[in-house]
Amino acid sequence: MSIESKLEAAFEALGLSLQPGLDTTAAGEYMAYYYDSDGVLYGDDGPCLDHKNWTVVYVAPLACDRREIRQAIRRAIQTVSGIWPSEDDATDGNGQRFVYDFETFGGIEDGGA
């Protein structure tokens, strides 16, 4: 199972949808993700591991108090990735945005999962 699938399942359990890329026109509460990927630990024929730097963004309306769900999001990411993610508050006049960063390493054959 890919990291994307695991994250999607973890966030669905919290009642949140996960989509690739940030949709600045979307309203309401949702999760978005993106990542960059590169190979590491090169051998004779190429990389042995796929390294991904992930960014997951939680978006919610300004009027919501979302402290509990933010902790649940961090726990879900840790369960999936094994890493406690950083959290940055990117809230602006258009809504609450919390940005979570973490990294994963996986085999090339399984897409870095």
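Right above here is the structure, for reference.
Residues numbered from 1 in each chain as written. Predicted model: local features only at pLDDT ≥ 70, side-chain atom pairs only at ≥ 80, totals over all residues. Heavy atoms only, no water.

### Quick notes on the packing of helix α1 (residues 3-13) against helix α2 (residues 67-81)
Then, number 1: Relative orientation of the contacting elements α1 and α2 amounts to 145 degrees, with a least axis distance of 10 Å. Viewed along their axes, α1 and α2 form a crossing whose handedness is right-handed. Residues Ile3, Lys6, Leu7, Ala10 and Phe11 of α1 lie in contact with α2, whose contacting residues are Ile73, Ala76, Ile77 and Val80.
Then, number 2: When the residues that make up the contact of α1 with α2 are grouped by side-chain class, the tally is eight nonpolar, no polar and one charged. (Axes fitted to C-alpha atoms, helices over the stretch in contact; angles between N-to-C directions. Helix = DSSP H or I, 4+ residues; strand = E, 2+ residues; numbered from the N terminus. Left-handed = near helix turned anticlockwise from the far one by under 90°. Contact = heavy atoms within 4.5 Å. Nonpolar A, V, L, I, M, F, W, Y, C, P; charged D, E, K, R; others polar.)

### Description of the nonpolar core
Then, number 1: Leu7, Phe11, Met31, Val56, Tyr58, Ile73 and Ile77 are the most contacted members of the largest nonpolar core, which has 20 residues in total.
Then, number 2: Listed by contribution, the elements that provide at least two residues to this core are α1, β2 (30-42), β3 (47-60), α2 and β5 (96-107).
Then, number 3: Here this core gets five residues from one element, more than from any other, and that element is α2.
Then, number 4: What Leu7 contacts, discounting residues up to four positions off in sequence, is Leu18, Trp54, Val56, Ile77, Val80 and Phe102. (Core = buried A, V, L, I, M, F, W, Y, C linked by side-chain atoms within 4.5 Å. Buried < 20%, exposed > 50% of the residue type's maximum accessible area, 1.4 Å probe, protein only.)

### Some remarks on α1
Then, number 1: Here α1 has its buried residues at Ile3, Glu4, Leu7, Ala10 and Phe11. Projected down its long axis, α1 carries its buried residues within an arc of 130 degrees, all on one side. Exposed residues lying more than 90 degrees from the buried face of α1 are Glu12 and Ala13. (Arc of directions from axis to C-beta.)

### Quick look at the pairing of strand β4 (residues 86-89)
Then, number 1: Note: β4 against β5, four bridges, orientation antiparallel. Bridge assignment links Asp89 to a residue of β5, and that residue is Phe98.
Then, number 2: Here β4 folds back onto β5, and the loop between the two strands holds six residues, one of which, Gly95, carries a positive phi near 155 degrees. (Pairing = 2+ DSSP bridges.)

### Some thoughts on α2
Then, number 1: Under the 1.5 Å per step criterion, the end-to-end length of α2 is 21 Å for 15 residues, consistent within 8% with the ideal 21 Å.
Then, number 2: When α2 is considered as a whole, its buried residues turn out to be Ile69, Arg70, Ala72, Ile73, Arg74, Ala76, Ile77, Val80 and Ser81.
Then, number 3: Downstream of α2 by one or two residues, Gly82 has phi in the positive range, about 80 degrees. (Expected span 1.5 Å × (residues − 1).)

### A few points about the packing of aromatic side chains
Then, number 1: Taken as a whole, this structure holds three aromatic pairs when the rule is applied.
Then, number 2: Ring geometry for Tyr33 versus Trp54: centroids 5.9 Å apart, planes at 45 degrees, classification tilted. Taken together, the residues span a long stretch of sequence, with Tyr33 in strand β2 and Trp54 in strand β3 at a distance of 21 residues.
Then, number 3: According to the relative accessible area criterion, Tyr33 is buried, its value standing at 14%.
Then, number 4: When the ring of Trp54 is compared with that of Phe102, the centres are 6.0 Å apart and the planes differ by 5 degrees; the resulting orientation is stacked. (Phe/Tyr/Trp six-rings, centres within 6.5 Å; stacked < 30°, edge-to-face > 60°.)

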